[in-house]
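# What the coordinates show
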Amino acid sequence: MPSPFELQVGWRYVRAGRGGRRNAFISFISGASMVGIALGVMALIVVLSVMNGFQKEVRDRMLNVIAHVELLNYSGQALPDWHATAAKARENPAIVGAAPFIANQSLIARGEDMRGTVIRGISPAEEATVTGLGAQLKDTYARLVPGAWNIVLGAELARQLNVGEGDKITVVAPGGQVTPAGVVPRLKSFNIVGVFHSGHYEYDAGLALVHVDDAAKLFRTEGPTGVQLKLRDVHDARRVAAELAGQMGPETLVRDWTRSNATWFDAVQIEKRMMSIVLTLIVAVAAFNLVSTLVMTVTDKQSDIAILRTLGASPRSVMGIFIVQGAASGIIGTLAGVVLGLLIAFNIDVIVPAIEHLLNVSFLPGSIYLISQMPSDPQSGDIVPIAIGSLSLAFLATLYPSWRASRVQPAEALRYE
């Protein structure tokens, strides 16, 4: 650990040039290094917080509509007995809810407008136990009566078709009806009894809900083709899915939410990793600017170093002085960057709308980015490594100039003084 003498002299060198003009340029370079470190750390914290928030927001909205785990028949046909399948799955203590479903791609038509969508057949009573949307829309789901051919549309899908509650739409089921005149599409008219808004554009624009019995008739299945499961902890999905795969047998396909949406989540993780690398380079460049600052300081302070050596200071003490100088710049820059980064990350929901209003632009169109508001979720698992990494880079940058300072020979330095 540096002694009080080394800390005092090192801190004095950090402030070099502030009381006069002699070392003003060195002080400017030192300040620029600290500002660079602060900006790099701030950018890292803000960007990773926004990416964490984006991932959490999309995940939460996604899991408000879909179940954590799905059990499907490998053949694609109806399950022999979905009640028995659900009961067997619920033997796992991690599962708290189960509901049957049927899902298939279809076309929805209204006049000349036609949209591709997923028709999901649900059981209104059980659906409330597995999805947040089912719990929120109990009254709307209660209108899905078997045989009434009622349907609930996503808000964006209803907007695109220009329909609302009380209107009728036509569903074109996959697989036509074979007649002597050829294959004729199978059409069925549905009554719109509700519109849901999940906050997730993909589901609001591409999902429609009907009763599971009506879906079985529409798609010509003998019953539910799968069972949705809700877990106590959403983060246990992969582990529970692996356990269920061994428990349910080879004829059952087990699919958890992380694998159903693996492409999106993998892309986010890769993007987050690459952004971390790119922004860390900014911190590294700023940290290694400390090398030039310390080299110039060592050159300027050679006579001071020689005098300290003649007064009894050891090479180790001289090295400690310049390590303190460089480390102090790194600590100040890192702390400033952490404070600024957290300040922006925790207030980004105010800052971004103000900028959008000022510039009259929208940074996150819902049709492209799934959500329309800039989220932020600062996590200690990101902030602590960023701070430690910045301090480590600053410390490494001080080692070589400090070692060179400790090698200064007093006689050589004082020859022309």
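Calculation criteria
Residues numbered from 1 in each chain as written. Predicted model: local features only at pLDDT ≥ 70, side-chain atom pairs only at ≥ 80, totals over all residues. Heavy atoms only, no water. UniProt positions renumbered as here; feature names shortened; annotations may be inferred. Phe/Tyr/Trp six-rings, centres within 6.5 Å; stacked < 30°, edge-to-face > 60°. Helix = DSSP H or I, 4+ residues; strand = E, 2+ residues; numbered from the N terminus. Buried < 20%, exposed > 50% of the residue type's maximum accessible area, 1.4 Å probe, protein only. Core = buried A, V, L, I, M, F, W, Y, C linked by side-chain atoms within 4.5 Å. Contact = heavy atoms within 4.5 Å. Polar contact = N/O pair within 3.5 Å; in protein donor to acceptor, adjacent residues only side chain to side chain. Axes fitted to C-alpha atoms, helices over the stretch in contact; angles between N-to-C directions. Parallel < 35°, antiparallel > 145°, perpendicular 65-115°, else oblique. Left-handed = near helix turned anticlockwise from the far one by under 90°. Nonpolar A, V, L, I, M, F, W, Y, C, P; charged D, E, K, R; others polar. Salt bridge = Lys/Arg side-chain N within 4 Å of Asp/Glu carboxyl O.

- Per an unreviewed UniProt entry, the recorded name for the protein chain is Lipoprotein-releasing ABC transporter permease subunit, and the organism is Pelomonas margarita.
- What the UniProt record of the protein chain gives under Subcellular location (unreviewed entry) is the line "Cell membrane".
- Taken directly from UniProt, the Sequence similarities (unreviewed entry) text for the protein chain runs: "Belongs to the ABC-4 integral membrane protein family. LolC/E subfamily."

### Re the packing of aromatic side chains
- Applying the stated criterion to the full structure yields 1 aromatic pair.
- Seen from their ring centres, W149 and F190 are 5.4 Å apart, and the 85° between their planes marks the pair as edge-to-face. Linking W149 in the loop between α6 (138-141) and β4 (150-154) with F190 in strand β6 (residues 182-196), this pair joins segments that are 41 residues apart in sequence. Of the two residues examined, W149 and F190, each falls in the buried class.

### Some details on the nonpolar core
- By size, the foremost hydrophobic cluster in this structure holds 38 residues, and its most contacted members are L71, L209, V227, L229 and L244.
- Listed by contribution, the elements that provide at least two residues to this core are α2 (24-63), β1 (69-73), α3 (82-89), β2 (95-110), β6, β7 (207-211), β8 (226-231) and α10 (237-248).
- The greatest single-element share of this core, amounting to 5 residues, is contributed by α10.
- In this view, L71 contacts L79, T85, A89, T225, G226, V227, L229, L244, M248, T252, L253 and V254; residues no more than four positions away in its chain are not counted.
- Formed by 22 residues, the second largest nonpolar core is a distinct cluster that contains L153, I169, I192 and L218.

### Digging into the environment of E126
- Of note, E126 is situated in helix α4 (residues 124-127).
- Once you skip the residues sitting within four places of it in the chain, E126 turns out to touch W82, A98, A99 and P100.
- Reaching out from E126, the side chain makes a polar contact with the side chain of S123 at a distance of 2.3 Å.

### Here's the deal with the packing of α3 against α10
- Relative to each other, α3 and α10 sit at 125°, their axes nearing to 10 Å. Judged on the interaxial angle alone, α10 and α3 are oblique. In this structure, the crossing between α3 and α10 has a hand that is right-handed. Here α3 contributes T85, K88 and A89 to the contact with α10, which in turn contributes L244, Q247 and M248.
- Here the contact of α3 with α10 is composed, by residue class, of 3 nonpolar, 2 polar and 1 charged.

### So, the UniProt feature "transmembrane region" (unreviewed entry) in the protein chain
- UniProt marks residues 25-51, 277-298, 318-343, 350-371 and 383-400 with the feature "transmembrane region" (unreviewed entry), using the numbering shown here.
- Taken end to end, residues 277-298 is 100% helix and 0% strand, and its first and last C-alpha atoms sit 32 Å apart.

### Description of the pattern of salt bridges
- Following the criterion strictly, the structure yields 9 salt bridges and no others.
- Through salt bridges that share partners, K56, R59 and D60 make up one connected network.

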